[in-house]
Amino acid sequence: MSNQFAFDVFLSYSTRDKAVVHNLAERLKNDAVRVWLDAWVIEPGDSIPLKIQQGVEQSRTLRSPLYLPRL
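Draft legend 1. Expanded view of the pattern of salt bridges. In the structure shown here, the tally under the stated rule is 3 salt bridges. A salt bridge links Arg-34 to Asp-8, with the shortest nitrogen-to-oxygen separation between them at 2.7 Å. On the criterion of sequence distance, the pair formed by Arg-34 in the loop between α1 (18-30) and β2 (35-36) and Asp-8 in strand β1 (residues 7-11) is long-range, its members being 26 residues apart. Of the charged contacts, one joins Arg-16 and Asp-17 as a salt bridge, the two residues approaching to 3.9 Å between their closest N and O atoms. According to the relative accessible area criterion, Arg-16 is exposed, its value standing at 66%. Judged by relative accessible area, which is 6%, Asp-17 ranks as buried.

Structure representation (structure tokens):
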């Protein structure tokens, strides 16, 4: 994938989908997909809205469980 973006995919999800999305993120990462996942990027003290905005801007695409099949 191109290096024009820092991330290939930004994963957006509801707390109820956390387990499914984290599993998906690990699988994507193992396939060399650069994943933006809040738990991996946002650190204590960070501005959450700013980190999310930066993540969206630096990602090739955005995906949400609304568009993902249930595993």
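Now that the structure is up, let's keep going.
Draft legend 2. Quick look at the sheet that holds β1. The strand order across the open sheet formed by 3 strands is β2-β1-β3, and the pairing between neighbours is parallel. The open sheet terminates on both sides in strands that have one partner only, identified here as β2 and β3 (59-63). The sheet contacts of α1 involve β1 and β2, and relative to β1 the element is tilted by about 175°. Across the sheet, helix α3 (residues 48-57) is in contact with β1, β2 and β3; its angle to β3 comes to roughly 110°.

The rules behind these values
- Residues numbered from 1 in each chain as written.
- Predicted model: local features only at pLDDT ≥ 70, side-chain atom pairs only at ≥ 80, totals over all residues.
- Heavy atoms only, no water.
- Salt bridge = Lys/Arg side-chain N within 4 Å of Asp/Glu carboxyl O.
- Helix = DSSP H or I, 4+ residues; strand = E, 2+ residues; numbered from the N terminus.
- Buried < 20%, exposed > 50% of the residue type's maximum accessible area, 1.4 Å probe, protein only.
- Pairing = 2+ DSSP bridges.
- Contact = heavy atoms within 4.5 Å.
- Axes fitted to C-alpha atoms, helices over the stretch in contact; angles between N-to-C directions.

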